[in-house]
2 protein chains.
Amino acid sequence: MSIHIIPVTGLPIIQRGDDLAQLVTAASNRQGTPLADGDIVVLCHVIVSRAEGNVVDLRDVEPSIPALNFAEYTGKDPRIVEVVLREARAVRRMAPGVLITETRQGFVCANSGVDKSNVPGEDVVAPLPGDPDASAKAIRGRIKDLANREVAVIVCDTHGRAHRDGEVNVAVGSSGLSVIRDRRGERDLFGYELHVKRTAVADELAAAAELVIGQADEGVPAAIIRGYGYGKSEESKATELVRPREKDLFI
Amino acid sequence: MSIHIIPVTGLPIIQRGDDLAQLVTAASNRQGTPLADGDIVVLCHVIVSRAEGNVVDLRDVEPSIPALNFAEYTGKDPRIVEVVLREARAVRRMAPGVLITETRQGFVCANSGVDKSNVPGEDVVAPLPGDPDASAKAIRGRIKDLANREVAVIVCDTHGRAHRDGEVNVAVGSSGLSVIRDRRGERDLFGYELHVKRTAVADELAAAAELVIGQADEGVPAAIIRGYGYGKSEESKATELVRPREKDLFI
């Protein structure tokens, strides 16, 4: 049984107040791939933030003294540094050209996930949604209302990693699926118990979606993943994927 | 244009000397999804190691004194610790229940990627292939010879990560595609230059494949990804994804 990763094409430039669930549902219908029960809808965080009006016009930002200091040290725009610091609960690493923070949600990433790409208006940036799990849940509920389809929703962002070069897409918000598939206690093909096997399926789904999303020239900010039998969950959230620093054995 | 992730089903239990390219080609034909130009064939490292005879019978392993010491401290089987240490060029973290190493190839992961799952024979483990990039290249060449198809090949393993809970599939070997898509200098939908955008596509492809591979009860150790327009490369290797420790800003 194959899995399909379907780009959602023809979405307009998302504006504050836009109904993303409605736009994605309509776009899916238009392109002949209407949403189905069991689909996973993956949305770039930028369009979610934009729909929620969670964008910052840098012309309105007055950098604080710490932001001015850090901007000089890192070589970054002090107004962007100010926005990044407002979104952070801690700084993890600062160096020329580098500002890695722990976001309010707990994600460790460059620039608190504040993204300039794909936002029209020369001086506008989009932070992460304030509560990406809640955003995912709201969009999922709205799809249920509009299309009568039971889907899962993932809000994604592209993060750098420790130990490995390059960035990959990860889940920063999730609703409707177990973000981790816990297979401890299961047995493999030969009867061995799988001792450590907790797969971060929400991150793997986000990575898979990026294969169609990562085409900025085509403007594809959303994808549908069809045919993956995920574990349904009303409670599971992307913030479960945050590993507390004191338990992090990989740093 | 959708991407399809196709499980390769019906593969036998792989034995030393098996021709993986031939077996995957035949299985793809049997299931009605013959390999096509531009496909990406993703193979679990365990079957590659097994085909190469790169498995270790723990009954033949004499643990060294360091292995005995570390086994006591970590609570692990001293013979497995011995195999793990032989595969490592450095230990990154040791704690009760935990042995994170830097493998000979440079990958930072638990137990040097030595895997007990899915290997028949109670006391047999499979390390990573000695040179997973070379393994991928050989299999790719053999597919070209047998099926006259130009594919890319990725050898994958499941790794834990810093900062995020759960494991994800990553590329440990690769041939035929650029493992990183470097989009610096490209412009997005609104004409912004994408300043930092180096996507680790080989890892995203490995993660996508895991959505069909990660079903141990069904015994699916390989997948075909179809419809992804990767950058062709004869030189690019998975070891490019290793970030040298001194340049690692995320630890």
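Residues numbered from 1 in each chain as written. Chains lettered and ligands numbered in written order. Predicted model: local features only at pLDDT ≥ 70, side-chain atom pairs only at ≥ 80, totals over all residues.

S.K.: Would you explain the interface of chain B and chain A in this entry?
M.R.: Tallying the contact residues gives 55 residues for chain B and 55 residues for chain A. Only β1 (3-7), β4 (88-95), β5 (98-103), β9 (167-177), β11 (198-199) and α6 (201-213) of chain B provide two or more residues apiece to the side of chain B that touches chain A. Element by element, the count of residues in the side of chain B that touches chain A is highest for α6(B), at seven residues. Class assignment for the residues of the side of chain B that touches chain A results in 29 nonpolar, 11 polar and 15 charged. As judged from the three bridges shared by strand β1 (residues 3-7) of chain A and β1(B), these two strands associate in the antiparallel manner. When the bridges of β1(B) are listed, A:Ile5 appears paired with B:Ile3. (Contact = placed C-beta atoms within 7 Å. Helix = DSSP H or I, 4+ residues; strand = E, 2+ residues; numbered from the N terminus. Nonpolar A, V, L, I, M, F, W, Y, C, P; charged D, E, K, R; others polar. Pairing = 2+ DSSP bridges.)

S.K.: Looking at this structure, how should I read the packing of helix α3 (residues 65-74) of chain A against helix α4 (residues 78-86) of chain A?
M.R.: Two packed helices can be described by the angle between their axes and the distance between those axes. Residues and elements named next belong to chain A. Contact geometry of α3 with α4 gives a least axis separation of 8 Å together with a crossing angle of 120°. Viewed along their axes, α3 and α4 form a crossing whose handedness is right-handed. Between α3, through Pro 66, Ala 67, Leu 68, Phe 70, Ala 71 and Thr 74, and α4, the contact on the second element is made entirely by Pro 78, Val 81, Glu 82 and Leu 85. Residue classes in the contact of α3 with α4 are distributed as eight nonpolar, one polar and one charged. (Axes fitted to C-alpha atoms, helices over the stretch in contact; angles between N-to-C directions. Left-handed = near helix turned anticlockwise from the far one by under 90°.)

S.K.: Is there a simple way to think about the environment of B:Arg245 in this case?
M.R.: Residues and elements named next belong to chain B. Structurally, Arg 245 is set in the segment after β13 (232-233). For Arg 245, a count of 14 C-beta atoms within 10 Å gives the class partly exposed. For the pair formed by Arg 245 and Val 108, sequence separation is 137 residues and the distance between their alpha carbons is 9.9 Å. (Buried ≥ 20, exposed ≤ 12 C-beta atoms within 10 Å, placed from the backbone.)

S.K.: What is the right way to read the relation of the copies chain B and chain A from this model?
M.R.: Both copies of the chain are related through a single rotation about an axis accompanied by a shift along the same axis. Taken as rigid bodies, chain B and chain A are interconverted by a rotation of 180° and an axial shift of 0.0 Å, the fit giving an RMSD of 0.0 Å. As the rotation angle and translation indicate, the two copies are arranged about a two-fold axis. When the interface residues of chain B are mapped onto chain A, 100% of them again fall at the interface, so both copies present the same face. (Least-squares fit on C-alpha atoms with pLDDT ≥ 70 in both.)

S.K.: Even after reading the chapter, I still don't get the sheet that holds β4(B), so can you show me in this structure?
M.R.: The pairing of strands in a sheet comes from backbone hydrogen bonds and takes either a parallel or an antiparallel form. Residue and element names in this part refer to chain B. Taken in spatial order, the three strands line up as β4-β5-β6 in an open sheet, and their pairing is antiparallel. Only two strands of the sheet have a single neighbouring strand rather than two, namely β4 and β6 (108-110). Averaged over neighbouring strand pairs, the angle between their axes works out to 25° when direction is ignored. Across three bridges, β5 lies against β6 in antiparallel orientation. Its bridge partner being in β6, Glu 102 is matched across the sheet by Val 108.

S.K.: Help me understand the packing of helix α6 (residues 201-213) of chain A against α6(B) in this model?
M.R.: Between α6(A) and α6(B), the least distance of the axes is 8 Å, while the angle of their chain directions is 120°. With respect to their mutual orientation, α6(A) and α6(B) come out oblique. Judged by the twist between their axes, the crossing of α6(A) over α6(B) is left-handed. Residues A:Glu204, A:Ala207, A:Ala208, A:Glu210 and A:Leu211 of α6(A) form the contact with α6(B), whose own contacting residues are B:Glu204, B:Ala207, B:Ala208, B:Glu210 and B:Leu211. For the contact of α6(A) with α6(B), the per-class residue count stands at six nonpolar, no polar and four charged. (Parallel < 35°, antiparallel > 145°, perpendicular 65-115°, else oblique.)

S.K.: Help me out: how do you make sense of the sheet that holds strand β4 (residues 88-95) of chain A in this one?
M.R.: Residues and elements named next belong to chain A. As summarised here, the arrangement of the three strands in space is β4-β5-β6, forming an open sheet in which the pairing is antiparallel. In the strand order of this sheet, the two ends are held by β4 and β6 (108-110), each with one partner. Within the sheet, the average angular offset between the axes of one strand and its neighbour, ignoring direction, is 25°.

S.K.: Explain the domain arrangement of chain A here, please?
M.R.: How big an interface is tends to be reported as the loss of accessible area on association of its parts. As assigned here, chain A comprises domain 1 (4-54 + 129-243) and domain 2 (56-124). Distance from the C-alpha centre of domain 1 of chain A to the C-alpha centre of domain 2 of chain A: 25 Å. (Domains from an automatic or database assignment.)

S.K.: How should the environment of A:Arg181 be read in this particular structure?
M.R.: All names here are of chain A. Inspection of the secondary structure puts Arg 181 in strand β10 (residues 181-182). Classification of Arg 181 as partly exposed rests on a count of 19 C-beta atoms within 10 Å. Sequence separation between Arg 181 and Val 153 is 28 residues; the distance between their C-alpha atoms is 16 Å.

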